[in-house]
Amino acid sequence: MIEFQQVYKSYGRGIDTLADVNFGIAAGEFVFVSGPSGAGKSTLLKLISGLDVPTRGTILVNGQNVGKLPGRARPYFRRAVGTILQDVHLLQDRNAFENVLFPLIVTGHSRSAAEKRARAAIDKVGLANKDKLRPQELSGGDQQRLAIARAIVNRPALLIVDEPTANLDRDSAQRIADVFRDFNQVGVTTVIATHDESLIDDYAHRVLHIEGGRLTDLGARTPRASRS
Ligand code: ADP
Ligand code: ADP
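Residues numbered from 1 in each chain as written. Chains lettered and ligands numbered in written order. Predicted model: local features only at pLDDT ≥ 70, side-chain atom pairs only at ≥ 80, totals over all residues. Heavy atoms only, no water.

Identification of the protein chain as Cell division ATP-binding protein FtsE from Pigmentiphaga litoralis is taken from an unreviewed UniProt entry. According to the UniProt record, the Sequence similarities (unreviewed entry) comment for the protein chain is "Belongs to the ABC transporter superfamily." (UniProt positions renumbered as here; feature names shortened; annotations may be inferred.)

If you want it as structure tokens, here you go:
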């Protein structure tokens, strides 16, 4: 599903933010991207999502060469990838339900079909009884749930998530991670960047570690003693 071949990314000044990055992620995998702050995790995710292009190298996602997508193909590609970045751009003057509905209306769904789908997405993330609240009335964990609902409402086969548990306490963080695990269990390929080692330890999944722009495949990690 994702293939990186000798990928480099530089923002100029002769510094490689990512250097010689090679890895593959198969359909259905659940992968963590770990590494300290500033390591290049967000940069990696933006390259997968087509929000940025590599300086050198080849990136294939869903069989498409992301660095070479023609401009008109980009919106379609972007819709097939559910992306949740760190600054959750929720519409503050709309309630939770409308925030999820909006991307569907924009993509031309009929009002009734869009409402049905939005309802299903809100239910799936556990926000059914908070759908009338505005983002600022929701807790941090619930805002993250809302961002997830909005990202999955177009039914992407691939979810790209940047630091979903930043600013959440441990309990909330695990509940958010559980939401992603549930999507993965129904077949959604999931890539989550986090510097939260304890979160990674709680889930038995493959870890790609980035440090100083270099990526190392650490393979599958054994979970810590199972939690209740
Ligand atoms: P992480 O997500 O692991 O914290 P980032 O990918 O955000 O790391 O950043 C990696 C490095 O790339 C940092 O040194 C950061 O300053 C730099 N960087 C990221 N985005 C840009 C940008 N748009 N312009 C210039 N430098 C950037
Ligand atoms: P916060 O992260 O802001 O502290 P919580 O994580 O405590 O908030 O709870 C967020 C919301 O998610 C609550 O409304 C709670 O009812 C709901 N919730 C908690 N666990 C689950 C779950 N397993 N499935 C669905 N919804 C849940």
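What follows picks up the thread again.
Here the focus is the site of ligand 2. Taken together, G126, K130, S139, G140, G141, D142, R145, S172 and R175 are the residues near ligand 2. Between an oxygen atom of ligand 2 and a main-chain N or O atom of G141, the distance comes to 3.1 Å. A distance of 2.7 Å separates an oxygen atom of ligand 2 from a polar atom in the side chain of S172. Compared with its free state, where it exposes 560 Å², ligand 2 has 56% of that area covered by protein. Going through the elements one at a time, α5 (140–152) and α6 (170–185) are the ones with two or more residues in the shell around ligand 2. When residues of the shell around ligand 2 are assigned to their parent elements, the largest contribution, four residues, is made by α5. Looking at side-chain class alone, the shell around ligand 2 contains no nonpolar, five polar and four charged residues. (Near = heavy atom within 4 Å. Polar contact = N/O pair within 3.5 Å; in protein donor to acceptor, adjacent residues only side chain to side chain. Areas by Shrake-Rupley, 256 points an atom, 1.4 Å probe, with all protein chains shown as cover. Helix = DSSP H or I, 4+ residues; strand = E, 2+ residues; numbered from the N terminus. Nonpolar A, V, L, I, M, F, W, Y, C, P; charged D, E, K, R; others polar.)

This paragraph deals with the packing of α5 against α6. Following both chains from N to C, one finds α5 and α6 inclined at 20 degrees, their axes separated by 10 Å at the closest point. When the axis of α5 is compared with that of α6, the two are roughly parallel. Judged by the sense of rotation from one axis to the other, the crossing of α5 with α6 is right-handed. Of the residues in α6, those in contact with G141, Q144, R145, I148 and I152 of α5 are R175, I176, V179, F180 and F183. Counted by class, the contact of α5 with α6 contains six nonpolar, two polar and two charged residues. (Axes fitted to C-alpha atoms, helices over the stretch in contact; angles between N-to-C directions. Parallel < 35°, antiparallel > 145°, perpendicular 65-115°, else oblique. Left-handed = near helix turned anticlockwise from the far one by under 90°. Contact = heavy atoms within 4.5 Å.)

Turning next to the site of ligand 1. Close contacts around ligand 1 come from Y11, R13, T17, P36, S37, G38, A39, G40, K41, S42 and T43, and that covers them all. The backbone of K41 places a nitrogen or oxygen atom 2.9 Å from an oxygen atom of ligand 1. Here T43 contributes a side-chain N or O atom positioned 2.6 Å from an oxygen atom of ligand 1. In isolation ligand 1 has 560 Å² of accessible area, and contact with the protein removes 56% of it. Sort the elements by how many residues they give to the shell around ligand 1 and helix α1 (residues 41–49) lands first, with three residues. A per-class count over the shell around ligand 1 returns three nonpolar, six polar and two charged.

This next bit is on the pairing of strand β4 (residues 56–61). Of the strand pairs in this sheet, strand β1 (residues 2–10) and β4 are connected by five bridges, and their pairing is antiparallel. Its bridge partner being in β4, I2 is matched across the sheet by V61. Here two bridges tie β4 to strand β5 (residues 64–65), and the two strands are oriented antiparallel to one another. Residue pairing in the sheet places L60 in a bridge with N65 of β5. The turn joining β4 and β5, which pair antiparallel and follow one another in sequence, is formed by two residues; a positive phi near 55 degrees is taken by N62. (Pairing = 2+ DSSP bridges.)

Attention now goes to the sheet that holds strand β2 (residues 16–25). Within the open sheet, the four strands sit side by side as β2-β1-β4-β5. Their pairing is antiparallel. Edge positions in the open sheet fall to β2 and β5, since each of these has one partner strand only. Direction of pairing for β1 relative to β2: antiparallel, over a ladder of six bridges. In the sheet register, E3 faces β2, and the bridge partner there is G24. Strands β1, β2 and β4 of the sheet are contacted by α1, whose axis makes an angle of about 125 degrees with β1.

Turning next to the pattern of salt bridges. Tallied over the entire structure, the rule returns eleven salt bridges. Here K130 ties to D142 by a salt bridge, and the two come within 2.6 Å at their closest N and O atoms. With K130 in the loop between α4 (111–124) and α5 and D142 in helix α5, this pair connects stretches of sequence that are twelve residues apart. The shortest N-O distance in the salt bridge between K132 and D131 comes to 3.6 Å. By relative accessible area, D131 is classed as buried at 8%. Connected via shared salt-bridge partners are E29, R206 and D217. (Salt bridge = Lys/Arg side-chain N within 4 Å of Asp/Glu carboxyl O. Buried < 20%, exposed > 50% of the residue type's maximum accessible area, 1.4 Å probe, protein only.)

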